[in-house]
2 protein chains.
Amino acid sequence: MGALTLRLTSLTSIFAASSSVRPSLLRRRSRPLSLPIRRPLVSNLSAQSTAAEKDAAPEIAGNQKARVSEQAITPRSQDFNAWYLDVIASAELADYGPVRGTMFIPYSFIEKEASHVEGFSPELALVTVGGGKELEEKLVVRPTSETIVNHMFTQWIHSYRDLPLMINQWANVTRWEMRTKPFVRTLEFLWQEGHTAHATSEEAEEEALQMIDIYTKFAYEQAAIPVITGRKSRVETFAGASKTYTIEAMMGDRKALQAGTSHNLGQNFSRAFATQFTDENGQRQHVWQTSWAVSTRFIGGIIMTHGDDAGLMLPPKMAPVQVVIVPIWKKADEKAGVLNAASSVKDVLHVAGIKVKIDDSDQRTPGWKFNFWEMKGVPLRIEIGPRDVSSGSVVISRRDVPGKQGKVFGISMDASVLVAYVKDKLDEIQLSLLAKATAFRDSNIVDVTSYDELKEAISQGKWARGPWSASDEEELKVKEETGATIRCFPFEQPKGEKTCLMTGNPAAEVALFAKSY
Amino acid sequence: MGALTLRLTSLTSIFAASSSVRPSLLRRRSRPLSLPIRRPLVSNLSAQSTAAEKDAAPEIAGNQKARVSEQAITPRSQDFNAWYLDVIASAELADYGPVRGTMFIPYSFIEKEASHVEGFSPELALVTVGGGKELEEKLVVRPTSETIVNHMFTQWIHSYRDLPLMINQWANVTRWEMRTKPFVRTLEFLWQEGHTAHATSEEAEEEALQMIDIYTKFAYEQAAIPVITGRKSRVETFAGASKTYTIEAMMGDRKALQAGTSHNLGQNFSRAFATQFTDENGQRQHVWQTSWAVSTRFIGGIIMTHGDDAGLMLPPKMAPVQVVIVPIWKKADEKAGVLNAASSVKDVLHVAGIKVKIDDSDQRTPGWKFNFWEMKGVPLRIEIGPRDVSSGSVVISRRDVPGKQGKVFGISMDASVLVAYVKDKLDEIQLSLLAKATAFRDSNIVDVTSYDELKEAISQGKWARGPWSASDEEELKVKEETGATIRCFPFEQPKGEKTCLMTGNPAAEVALFAKSY
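Residues numbered from 1 in each chain as written. Chains lettered and ligands numbered in written order. Predicted model: local features only at pLDDT ≥ 70, side-chain atom pairs only at ≥ 80, totals over all residues. Heavy atoms only, no water.

**Observations concerning the packing of aromatic side chains**
Filter applied, for reference: Here a pair means two rings of Phe, Tyr or Trp (six-membered ring of Trp) with centres within 6.5 Å. Their orientation is stacked below 30 degrees between planes, edge-to-face above 60, and tilted elsewhere. Helical segments are the DSSP runs of H or I of at least four residues, strand segments are the runs of E of at least two, and each set is numbered from the N terminus. Buried, partly exposed and exposed residues are distinguished by accessible area as a fraction of the type maximum, computed with a 1.4 Å probe on protein chains only: under 20%, between the cut-offs, and over 50%, respectively. Criterion for a charge above a ring: Lys NZ or Arg CZ within 6 Å of the ring centre, and within 35 degrees of the ring normal.
With the rule as written, the count across this model stands at 22 aromatic pairs over all chains. With a centroid separation of 5.9 Å and an interplanar angle of 65°, the aromatic rings of F120 of chain B and F238 of chain B are classed as edge-to-face. Residue F120 of chain B is located in helix 5 (residues 114-120), and its partner F238 of chain B is located in the loop between strand 6 (228-231) and strand 7 (243-250); the two are separated by 118 residues in the primary sequence. Classification of F238 of chain B as buried rests on a relative accessible area of 14%. Centroid distance W468 of chain B to F513 of chain B: 5.1 Å. Interplanar angle 70°. Geometry classified as edge-to-face. With W468 of chain B in the loop between strand 18 (463-467) and helix 15 (472-482) and F513 of chain B in strand 20 (residues 510-514), this pair connects stretches of sequence that are 45 residues apart. The exposure class assigned to W468 of chain B is buried, which follows from its relative accessible area of 4%. Taken together, the aromatic side chains of W368, F372 and W373 of chain A make up a single cluster linked through ring pairs. Positioned above the aromatic ring of F109 of chain B is the side chain of K112 of chain B, whose terminal nitrogen or guanidinium carbon lies 5.3 Å from the ring centre.

Below, the structure written as structure tokens:
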């Protein structure tokens with residue numbers, strides 16, 4: 001998904017038959033706090049260098065060989081199996097997890113953090129039989145990995161020198177949802193989940209905020225989705241978090257979609273799992289943590305933000321095909337010339353880095369192809385017929401501007417002209433989709449000062465924004481009576497004094513209420 | 001993993017609350033049989049174009065609008081939810097699978113193909129509780145996906161025009177192994193699994209062979225592993241396959257590693273699942289199928305083929321860091337100059353497309369860094385000290401040639417000289433690793449003509465190659481008595497008449513026996 005980089009899930013967990021230790025492939029990396037994570041971590045092997053950076057960090061000043069000798073590798077000729085396990089441990093290709101199979105989490109882990117188990121227990125899938133035998137301890141197909149991450153962190157974190165620590169994995173997770181919807185709410189879904197540990201509360205807060213900023217940028221700049229970023233209410237905070245930050249997107253039906261979250265976990269998990277470090281004064285302290293994720297749900301968000309009655313409409317920056325070329329001919333003797341020209345145009349665009357496809361099938365009419373590729377959401381269509389070949393030009397149609405209005409004739413096939421035109425149009429479409437979605441969003445948010453106004457806005461299908469300092473109970477009452485929840489307290493707040501729309505008491509912030517997916 | 005392209009697993013399965021249909025994200029694509037699959041299919045969205053190619057194929061000649069109207073999309077304003085589901089179906093972003101959550105397979109599916117259930121039932125992880133409730137039907141955490149693929153194929157394949165059909169997914173699978181070993185045999189592992197359906201037996205056979213060829217090329221050209229490619233014996237054939245092709249690699253301890261397989265499934269699954277198509281004569285026929293996979297096990301193969309007592313040794317084409325630069329200084333006033341030069345060298349190599357890393361940490365000695373990066377398997381090390389800065393040259397060391405022999409002084413920092421030298425050395429190392437592994441392999445394969453010779457070879461830890469036409473029972477006897485199994489009947493066969501080493505009967509082929517992982 002665009003600027004976000006992929007990391008394959010931690011995938012393997014193993015134990016030597018005669019041993020009680022079990023490696024998993026959770027990779028670790030540390031980084032300066034101020035850098036956004038942009039570097040790709042696609043394969044396990046490619047994560048080595050970053051894990052290595054950590055090891056190259058100071059550990060025992062004045063005794064630089066200590067760590068290396070700790071990692072001494074059994075000679076291959078002496079014991080091949082021991083050599084193999086030593087290499088894997090020394091090169092940090094794998095570590096030992098609590099269950100054979102890191103997809104699974106021991107049920108007891110889930111129970112350790114009180115609000116976590118409360119939040120997730122209705123949604124768990126439990127493996128009770130393995131290899132034909134009833135298991136002694138039920139295993140949970142991971143719904144999220146805070147528990148297992150903390151288990152590993154207790155082994156990886158010793159002193160303040162090991163902090164900050166960050167891992168990120170792309171993993172499938174499972175939540176036994178009763179009501180599902182493609183991409184938006186599914187029983188199994190793919191996500192990126194990041195986890196960090198810090199020495200101070202301030203650092204964790206900074207990290208949580210930085211990640212929600214990165215998600216916000218991704219939404220605006222890549223997906224052309226004008227999310228509203230803010231903090232969740234206590235009621236809506238993640239099970240086990242101290243604070244949850246969120247990006248909220250308005251779908252075409254004006255329902256809100258929570259498109260990504262970043263949690264400041266405080267010390268909730270580190271206390272439950274005893275994830276501690278020795279600080280600079282030699283004192284043992286619990287680490288401060290964050291976690292954050294976006295998932296395949298984002299695909300649903302893109303569909304429901306930009307799509308129209310003709311089908312998908314993809315922002316150019318995320319479209320796997322940015323330009324489709326449809327060659328048009330009627331008589332057999334026109335075909336070769338048209339296909340030749342189409343092919344040259346394709347090459348020209350391809351070389352310029354544009355994702356282009358040619359649909360030269362004999363089997364469908366041009367009209368069918370037009371509809372088909374519009375349905376697929378391709379941002380630009382180039383039509384080339386015999387007359388265009390003669391004139392050395394093409395016809396270009398925009399997906400986001402239907403009919404003749406979006407159609408321009410006589411664009412020169414000349415490489416420099418054509419490439420510049422296409423790039424320009426793709427940029428224009430990207431911005432136009434964002435502008436359109438922003439206008440739609442803004443025209444559907446109503447500022448309210450009373451509960452009656454809120455109810456009125458929600459009943460019209462709109463979002464209501466108003467000052468809020470009322471209780472959790474009152475928030476739940478709003479949900480019950482209107483179906484709307486607090487989506488967030490937006491970071492961008494109006495200035496001036498505010499009065500709670502529910503209680504009339506002073507309020508520090510406005511909250512955003514909406515019905516949601 | 002190098003030339004092989006990644007495809008994220010099919011990840012989502014869903015159902016509308018009021019409906020009994022359930023979409024999954026298995027993507028389909030068809031392709032001309034003769035083309036190898038090289039095109040990346042990283043994200044679900046990026047798979048659209050290929051799925052589209054299929055839809056652009058002939059279906060109802062002379063009625064070109066038919067398909068489009070079949071896919072009519074509900075107007076957004078009329079019913080947003082219906083519109084959303086229609087767009088997803090029309091654009092082929094998801095389809096409906098048998099279980100909410102395509103990670104899971106209904107237990108009854110596994111039971112449909114007799115040898116498949118027999119082969120896999122001892123290794124299954126069963127989910128029996130979901131969302132707090134005992135499930136009516138146990139679900140299997142997928143050990144492989146032939147069953148679920150066939151279920152989908154029955155819905156996607158109607159006539160010969162839908163064939164050949166190929167899908168590929170990267171997915172985690174689970175097998176409840178009793179003895180595990182990192183990367184090589186793990187309870188949960190990541191693999192690429194491809195599945196195809198064909199109109200004829202010949203096409204399926206051609207496909208199965210083509211895929212084992214691709215794996216062979218990958219092993220030789222990317223991983224520098226000189227696998228031996230061949231056909232499995234009946235005893236060793238995949239549960240449910242008619243024929244299994246394999247690439248067998250010799251590890252450093254001379255045990256065999258099955259590094260990839262390609263199965264001609266015949267009609268075994270299509271008969272069990274009634275996966276049928278209407279042929280050109282209007283007759284219903286069962287499809288012919290293949291499946292093929294390589295997994296994270298390959299990582300274990302790379303470690304155990306090339307690694308030595310100093311740690312990992314990565315083939316340059318697969319190394320995430322191909323060159324590490326270690327700047328060396330003693331006095332503070334040397335530091336800036338050395339780091340400057342190191343940084344320029346890094347930039348020069350980076351621009352030339354070489355994967356380069358600089359280790360400029362203050363905290364470790366150069367000697368520590370040398371050991372560390374050797375352990376990480378980095379093919380080339382560049383050392384830059386104050387004297388090198390003065391002379392405008394660097395020192396380059398090869399990972400695969402230890403000590404002074406692998407060290408060359410005075411390579412010019414001049415961009416054109418340095419880049420050419422480094423590229424040349426990386427190529428040389430790649431070839432050298434393959435040559436070394438090949439020599440090792442060949443010196444450890446013994447041609448045998450009798451069972452006694454076979455036993456002798458195996459007891460020496462070698463592989464035995466000899467003519468074989470004996471029974472399955474005799475093959476199992478060899479395993480029991482020697483611990484060796486038939487790894488394959490190699491494609492490359494010696495010429496001339498052969499006599500079975502066990503029975504003295506004529507034999508058509510030699511088989512390769514070895515102990516294995």
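**Considerations on the packing of helix 10 (residues 332-351) of chain A against helix 13 (residues 415-442) of chain A**
All names here are of chain A. Formally: Axes here refer to lines fitted to C-alpha atoms; in helices the fit is confined to the stretch in contact. Angles between the N-to-C directions go from 0 to 180 degrees. Note on convention: near helix rotated counterclockwise from far helix by under a right angle means a left-handed crossing. Clockwise means right-handed. In what follows, residue pairs with any heavy atoms lying within 4.5 Å of each other are defined as contacts. Residues are sorted three ways: Asp, Glu, Lys and Arg are charged, Ala, Val, Leu, Ile, Met, Phe, Trp, Tyr, Cys and Pro are nonpolar, and all the rest, Gly among them, are polar.
Relative to each other, helix 10 and helix 13 sit at 60°, their axes nearing to 10 Å. Where helix 10 crosses over helix 13, the two elements pack in a sense that is right-handed. Along its contact with helix 10, which presents V345, V348 and L349, the element helix 13 presents A415, L418, V419 and V422. For the contact of helix 10 with helix 13, the residue count by class is seven nonpolar, no polar and no charged.

**Things to note about helix 14 (residues 451-459) of chain B**
In an α-helix, one turn spans 3.6 residues, which is why side chains three or four residues apart end up on the same side. Residues and elements named next belong to chain B. Spelled out, the test is: Along the arc lie the directions from the helix axis toward the C-beta atoms.
Among the residues of helix 14, those classed as buried are Y451, L454, A457 and I458. Buried residues along helix 14 cover an arc of 120° about the axis, so they all sit on one side. More than 90 degrees from the buried face of helix 14, the exposed residues found are D452 and S459. Buried residues belonging to helix 14 abut strand 17 (445-447), strand 18, helix 15 and strand 20. Two residues or fewer after helix 14 comes G461, characterised by a positive phi angle close to 85°.

**A closer look at the pattern of salt bridges**
Between side chains of opposite charge, a pair can form as their charged atoms come close. How we decide: A side-chain nitrogen of Lys or Arg and a carboxyl oxygen of Asp or Glu constitute a salt bridge if their distance falls within 4 Å.
Going through the model one piece at a time under the given rule, you end up with 36 salt bridges over all chains. The shortest N-O distance in the salt bridge between E188 of chain B and R142 of chain A comes to 3.9 Å. Of this pair, E188 of chain B sits in strand 5 (residues 188-198) while R142 of chain A sits in the loop between strand 3 (133-141) and helix 6 (146-156), each in a different chain. Pair check on accessibility: E188 of chain B and R142 of chain A agree, each one buried. Of the charged contacts, one joins K407 of chain B and E383 of chain B as a salt bridge, the two residues approaching to 3.3 Å between their closest N and O atoms. One end of the pair, K407 of chain B, is in strand 16 (residues 407-412); the other, E383 of chain B, is in strand 14 (residues 380-384), and 24 residues separate them in sequence. On the basis of relative accessibility, which here comes to 24%, the residue K407 of chain B falls in the partly exposed class.

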